[in-house]
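# Fold and contact review
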Amino acid sequence: MSNAKRFADIFDGLKLAYGTYKIDRKKTNGKQAGKASVVKEPRALSHWEGHLSGKGDSIGIIPINEDNACKWGCIDVDTYPLDHKEVISRIRRIKLPLVVCRSKSGGAHLFLFTSEWISAAKMQEVLQHIAGALGYGGCEIFPKQKSLQLDRGDVGNFLNMPFYDAEEGLRYAIKDDGQSATLDEFFELYEQFVQTSEQIDALTIEDDPETPVKDGPPCLQTLCRQQISEGGRNSGLFNLGVYLRKAYPDSWESEILVYNAKYLDPPLPLAEVNTVAKQLLKKDYGFKCKDAPINAYCNSEVCRTRKYGIEVGLAGAEIANLRKYNSSPPIWFLDVNGTPLELDTEGLMMQGAFQRACVEQLNFMPQTMSKPTWEGRINQLLTDMSETDGSVVEVSQDASISGQFYEFLEEFCTAMQKAESREEILLRRPWLDEEEDLIYFRLKDFEGYLRKNRFFEYKSHKIAQRLRDINGDATSLKIKGKTTRVWAIPSYETGSGVIATPTLGSTGERAPF
């Protein structure tokens, strides 16, 4: 078996689509910038050969397949700089069967492989618990979805694959001694750590004894590992105090001094620590999950399982992974508690429309939040979407609203019974003037054809504009002695004019499917 075939079998996933990524430059934060896109067609072995050789595009795979199952999952540790050897040491210390690869931007992809397909929900659940145990509760998990709505055009999110340009590239696997692994050595790591479904079910996940904020929220664990810096220290220490009151009810006031010195950089002055402590004494506060800096690292599903995590009653709907399909109008998919929700732009902007969509599609009614809070969450989702590879999907023209319109126009002009003479235009038929290579018809007859086919998206003025876009012209003909208003468009039969659907500027009308 060739290396490309073996690699493709390991990283199998959705067969209907895959991602590509072309690197253009490196950002100031160390991340590489480039052009990501989703290709909605099956990938071939040649794509993998181009990926491994570096002579083709970098390949990204959507881990969840057509049956909502996975053979691999990944924790995306997006931290720079990162000590990969220390990460592996932490993984081995609690005996986790993960293979670590360097990401394209210098972070780490922590892969869990299975020898058979398991449900995406199970893979996601296991990886969330592993991430929490490692102190990476705020990191992205792939698969991002528990299920896909393929019939609506949603293909989820892809992950860029390791070993692009396997011999010279930087997306290599990392051995336990911290050294880079060759492709053959990666195959050995895979064979060493790949799990059966029974092993996944029996996998015991223990917290690293060196993990801070033991049994507490994963967001605080992540922040403490990174050190909480200026701008987030007061809020960070407040949330640490909420944890300490739960975990150390008799000694939390002395523990908060220890945590301030150990996990804040630089530590807050004693007077400010005392102010936070006095505030915590007033009542039994909960975690401020929606406030910075912990909101950026929230993993509520894992947090609910922690002894000193959030109470279920305080947790709202978990919304994440916004995707945009660049149709006109655009279609959005947003994961609500791990399930894709289809939205139009109003449903994304207006909380009431969002709640109605949840009730209709998910049989679930999220709690209402304040308008500023809602708008803040949506803005953060839009920001995350713009920074996530393949979350904005450019889609085909033919099924867009404009594409449908032009298909109906062509059908009306070519498939219907044609007028034998200009007089038969009055019988609601299009007439081809072969000398001028023009098709004549009345606008009201074409509008009737659109209504018959249940196309109601365009009013008369919009139809007229679309006809002008293909060099159509509003004119008049003398028919039976009377002036009749008609439209003339270039003939289809000559191969000119309207055969190609026009490009409609920078807001081009594309479709999600």
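To be clear, the structure that these remarks concern was listed above.
### Notes on the overall build of the protein chain
When its secondary structure is counted, the protein chain shows 17 helices and 20 strands. If one aligns the C-alpha atoms of the protein chain with their principal axes, the spans along those axes are about 100 × 60 × 40 Å. A buried classification covers 50% of the 513 residues belonging to the protein chain. Once local pairs closer than 6 in sequence are excluded, the contacts in the protein chain between residues at least 24 apart make up 66%. Only carbon and sulfur atoms are counted for the fraction: they give 47% of the accessible area of the protein chain, which is about 24,400 Å². In the protein chain, 63 positive and 73 negative side-chain charges are present, and the distance between their average locations comes to 5 Å.

### Looking at the sheet that holds strand 15 (residues 339-343)
Reading across the sheet, the 4 strands line up as 15-14-13-16 and stay open at both edges, with mixed pairing between neighbours. Taken across any chain shown, the strands that pair with only one partner, and hence form the sheet edges, are strand 15 and strand 16 (392-393). With 5 bridges connecting them, strand 13 (residues 319-325) and strand 14 (residues 331-336) associate as antiparallel partners. From the neighbouring strand, Ile319 faces strand 14, where its bridge partner is Val336. Along the sheet face, helix 14 (residues 371-386) touches strand 13, strand 14 and strand 16 and points at about 60 degrees away from the line of strand 13.

### Concerning the nonpolar core
If you look at the biggest cluster of nonpolar residues, it comprises 43 residues, and the most contacted ones within it are Ile75, Leu110, Ile130, Leu134 and Tyr136. When residues no more than four places from it in sequence are discounted, the contact partners of Ile130 are Ile75, Leu96, Leu98, Leu112, Leu203 and Ile205. With 30 residues, the next largest nonpolar core counts Leu52, Ile59, Phe142 and Val194 among its residues.

### Description of the pattern of salt bridges
Two side chains of opposite charge can pair, provided their charged atoms sit close to one another. Taken as a whole, this structure holds 16 salt bridges when the rule is applied. A salt bridge links Lys5 to Asp9, with the nearest nitrogen and oxygen atoms 2.9 Å apart. Note that Lys5 and Asp9 are positioned in helix 1 (residues 3-10) at a spacing of 4 residues, about one turn of the helix. Of the residues examined, Asp9 reaches a relative accessible area of 29% and is grouped as partly exposed.

### Quick word on the sheet that holds strand 19 (residues 473-479)
Here we have 4 strands laid out as an open sheet, ordered 17-18-20-19, and antiparallel in their pairing. Looking at which strands have only one partner, the edges of the open sheet turn out to be strand 17 (431-433) and strand 19. If you compare each strand with its neighbour and ignore which way they point, the axes differ by 40 degrees on average. Bridging between strand 18 (residues 438-441) and strand 20 (residues 482-490) involves 4 bridges; their strand directions are antiparallel. Looking at the pairing, Tyr440 lines up with Ala488 of strand 20.

### Thoughts on empty space enclosed by the protein
Evaluated as defined, the whole model comprises 3 cavities of 30 Å³ or more. Here the largest cavity is characterised by a volume of approximately 50 Å³. What lines the largest cavity is Pro217, Cys219, Cys289, Ile294, Asn295, Cys298, Asn299, Cys303 and Ile310.

### Side note on the pairing of strand 19
Inspection of the sheet shows strand 19 paired to strand 20 by 7 bridges, in the antiparallel sense. Opposite Ser476, over in strand 20, you have Arg485 as the bridge partner. The turn linking strand 19 back onto strand 20 is made up of 2 residues, and Lys480 within it adopts a positive phi angle of 50 degrees.

Calculation criteria
- Position numbers for residues count from 1 along each chain, tracking the sequence in the order it is written.
- Note on the predicted model: pLDDT of at least 70 is required for a residue's local features to be given, and 80 or more for side-chain atom pairs to be given and counted; whole-chain, interface and lining totals, by contrast, use all residues.
- Calculated side-chain values reflect all of the structure's heavy atoms, with hydrogen atoms and water omitted.
- Strands are runs of DSSP state E lasting at least two residues, helices are runs of H or I lasting at least four, and both sets are numbered from the N terminus onward.
- With a 1.4 Å probe rolled over the protein chains alone, any residue whose accessible area is under 20% of its type maximum counts as buried; one over 50% counts as exposed, and the rest are partly exposed.
- In what follows, a contact means two residues having at least one pair of non-hydrogen atoms within 4.5 Å.
- Note on areas: Shrake-Rupley, 1.4 Å probe, and residue coverage restricted to the protein chains presented here.
- Charge assignment: positive for Lys and Arg, negative for Asp and Glu; neither His nor the chain ends contribute.
- A single reference atom marks each charge: NZ on Lys, CZ on Arg, CG on Asp, CD on Glu.
- A pair of strands is treated as paired once DSSP finds two or more bridges between them.
- Under this scheme, a helix contributes an axis fitted over its contacting stretch, all axes are lines through C-alpha atoms, and angles between N-to-C directions fall in the 0 to 180 degree range.
- As used here, the term nonpolar core means buried Ala, Val, Leu, Ile, Met, Phe, Trp, Tyr and Cys residues forming a set that is joined through side-chain atoms within 4.5 Å.
- Between Lys or Arg on one side and Asp or Glu on the other, a salt bridge is scored when a side-chain nitrogen of the former is within 4 Å of a carboxyl oxygen of the latter.
- A cavity, in this analysis, means grid points on a 1 Å lattice covering only the protein atoms where a 1.4 Å probe fits yet has no way out; a pocket is instead an open set bounded by protein on both sides within 12 Å along at least five of seven lines, and a residue lines either one if it has an atom within 4 Å of a point.
- Grid points are joined across faces, edges and corners, and a volume is the space filled by probe spheres set on the points.

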